[in-house]
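# Coordinates in review
Here is what each chain is made of, one letter per residue.
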Amino acid sequence: MTLRRSADRKVTNLPSPNGKTAKIANSFGLPAGHEHSCPGATATCERVCYAGKLEKLYKGVREVLLGNLQTLVALDRAAMVELIAEMIDDFRADCQRAERKGAQVPRDFRIHWDGDFFSLDYAAAWAEVIRADPDIRFWVYTRSFDPERLDVLPVLAGLANLTVYLSVDPDNLTAAKAARRRCPWVHWAYLAETFADGRADLADLPGKRYPCPENGRRLPLITEKGSACIRCGVCPCGRGDVVFSIAKR
Ligand code: SF4
């Protein structure tokens, strides 16, 4: 029984020499949607979920994600910790192998390129692994922050090597504001129809905001210089809030 990582070109910490593919799989996914791992899915995100679209397009992707979820839901917290820790150990071994060949490999791992925290036990299992792996920097986006459904923020608090982004859109804006009052250490990834709409929706909020350069087509998904997210660095570092645009402009 194992969990399977995904090689996501947008976030990989090592591109192939020709800059077209991901050499190291540094992300993990689960199937998206209310019926699977996303209790906090909103009407807006269900309408545009790019990861969910990939699941429909590629049978192999769907099978990996469904296999991960089926494995996890059958386990208690301790067993989940064991499997997640093994997966992260494998990621570290991939980084070390590349380093021995002279590559520069930032140890950045994105939790949930697809899917979300589906239970408190599952989030707590990740927290335990993150705490035990201080050499790896993790980042995650989540809609599981509504106390009336599922709020994983308390179990993710206080982890120096984890950046947490709330995935926010006009449908869960009120819940996100309340979550940030409870947990001021979280950042926002705000999804609007356009970047201008995002600026307007968030105008009265404090803090620095960045329009995602990859989403705005100002930074390529991947080149030989690196993936968009590792080159940009805003989300892995948690430099500030980020705005995404459905229209990509
Ligand atoms: S803002 Fe930067 S790090 Fe965040 S998703 Fe966009 S490209 Fe990636």
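Calculation notes
- Each chain has its residues counted from 1, following the order in which its sequence is written.
- Owing to the predicted nature of the model, reporting of local features is limited to residues with pLDDT of at least 70; listing and counting of side-chain atom pairs is limited to 80 or more, with chain, interface and lining totals taken over all residues.
- Think of the side-chain values as coming from all heavy atoms in the structure, minus any hydrogens and water.
- Numbering of helices and strands runs from the N terminus; a helix is a DSSP stretch of H or I covering at least four residues, while a strand is a stretch of E covering at least two.
- Residue exposure (1.4 Å probe, protein chains only): buried if accessible area is under 20% of the type maximum, exposed if over 50%, otherwise partly exposed.
- Here the rule is simple: two strands pair whenever DSSP picks up at least two bridges between them.
- Two aromatic rings, drawn from Phe, Tyr or Trp (for Trp, its six-membered ring), form a pair once their centres lie within 6.5 Å of each other, and the interplanar angle then sorts them: stacked below 30 degrees, edge-to-face above 60, tilted otherwise.
- Any Lys NZ or Arg CZ that is within 6 Å of a ring centre and within 35 degrees of that ring's normal is treated as a charge sitting over the ring.
- With strands facing away from the observer, any crossover in which the path from the first strand over the helix to the second runs clockwise is taken as right-handed.
- We call two residues in contact when some of their heavy atoms are within 4.5 Å.
- The rule for a residue being near a molecule or strand is that one of its heavy atoms must lie within 4 Å of it.
- Charged residues are taken to be Asp, Glu, Lys and Arg, nonpolar residues to be Ala, Val, Leu, Ile, Met, Phe, Trp, Tyr, Cys and Pro, and polar residues to be all remaining types, Gly included.
- In this analysis, axes come from line fits to C-alpha atoms, helices being fitted only over the stretch in contact, and the angle between any two N-to-C directions falls in the range 0 to 180 degrees.
- Between 65 and 115 degrees an angle is taken as roughly perpendicular, under 35 as roughly parallel, over 145 as roughly antiparallel, and anywhere else as oblique.
- Left-handed describes a crossing whose near helix is turned anticlockwise from the far helix through less than a right angle; right-handed describes the clockwise counterpart.
- Only buried residues count toward a nonpolar core. Its members are Ala, Val, Leu, Ile, Met, Phe, Trp, Tyr and Cys residues joined through side-chain atoms within 4.5 Å.

At H112, a residue that is not glycine, the phi angle is positive and equals roughly 70 degrees. Looking at where H112 falls in the secondary structure, it is placed in strand β3 (residues 108–114). The exposure class assigned to H112 is buried, which follows from its relative accessible area of 2%. The phi dihedral of K248 is positive, around 60 degrees, even though this residue is not glycine. The topology assignment puts K248 in the segment after β12 (241–245). Classification of K248 as partly exposed rests on a relative accessible area of 37%.

The subject of this paragraph is the sheet that holds strand β8 (residues 187–192). Ordered by their spatial adjacency, 8 strands build an open sheet running β1-β2-β3-β4-β7-β8-β12-β9, and the pairing between neighbours is mixed. Two strands close off the open sheet at either side, each with one partner strand: β1 (5–6) and β9 (209–211).

Applying the stated rule across the entire model yields 8 aromatic pairs. Here F117 and Y122 contribute two aromatic rings whose centre-to-centre distance is 5.8 Å and whose plane-to-plane angle is 50 degrees, an arrangement assigned as tilted. Each member of the pair, F117 as well as Y122, is classed as buried. Plain terms: the ring middles of Y141 and Y165 are 5.4 Å apart, the flat faces sit at 35 degrees to each other, and that makes the pair tilted. Taken together, the residues Y141 in strand β4 (residues 137–142) and Y165 in strand β7 (residues 162–168) connect sequence positions 24 residues apart. In this pair, the class of Y141 matches that of Y165, namely buried. The side chain of K208 reaches across the aromatic face of Y210, ending 5.2 Å from its centre.

Let us now look at the pairing of β4. Among the 6 residues of β4, 5 are classified as buried, and the element is accordingly described as predominantly covered. Read from β3 through helix α5 (residues 120–132) to β4, the crossover connection turns out right-handed. Sheet topology places β4 next to β7; 5 bridges connect them, and they run parallel. Within the sheet, the bridge partner assigned to W139 lies in β7 and is T163.

With that out of the way, let us pick up the environment of C237. Structurally, C237 is set in helix α10 (residues 234–237). Judged by relative accessible area, C237 falls into the partly exposed class, the value being 38%. Distance from C237 to R100, taken between C-alpha atoms, is 25 Å for residues 137 residues apart in sequence. Leaving out residues up to four positions away in the same chain, C237 has contacts with R137 and T163.

On to the site of the ligand, then. Near the ligand, the surroundings consist of K10, Y141, C212, P213, E214, C229, C232, C235, P236, V242 and F244. Those elements that provide at least two residues to the shell around the ligand are α9 (228–232), α10 and β12. The residue makeup of the shell around the ligand, split by class, is 9 nonpolar, no polar and 2 charged.

The next point concerns the packing of helix α4 (residues 77–100) against α5. The description of two packed helices rests on the angle between their axes and on the distance between the axes. The interhelical angle for the contact between α4 and α5, taken along N-to-C directions, is 45 degrees, at an axis separation of 9 Å. Here α5 runs oblique to α4, going by the angle between their axes. By crossing handedness, the relation of α4 to α5 is classed as right-handed. Together, R77, M80, V81, I84, A85, M87 and I88 of α4 and D121, Y122, A124, A125, W126, E128 and V129 of α5 make up the contact between the two elements.

Time to look at the nonpolar core. One broad trend across soluble globular proteins is that nonpolar side chains are buried collectively. Judged by nonpolar contacts, the single largest core of 54 residues is most densely connected at F109, Y122 and W126. Looking at this core element by element, the count peaks at 9 residues for α4. In terms of nonpolar packing, the next biggest core, distinct from the first, is built from 13 residues, W139, C229, V234 and V242 among them.

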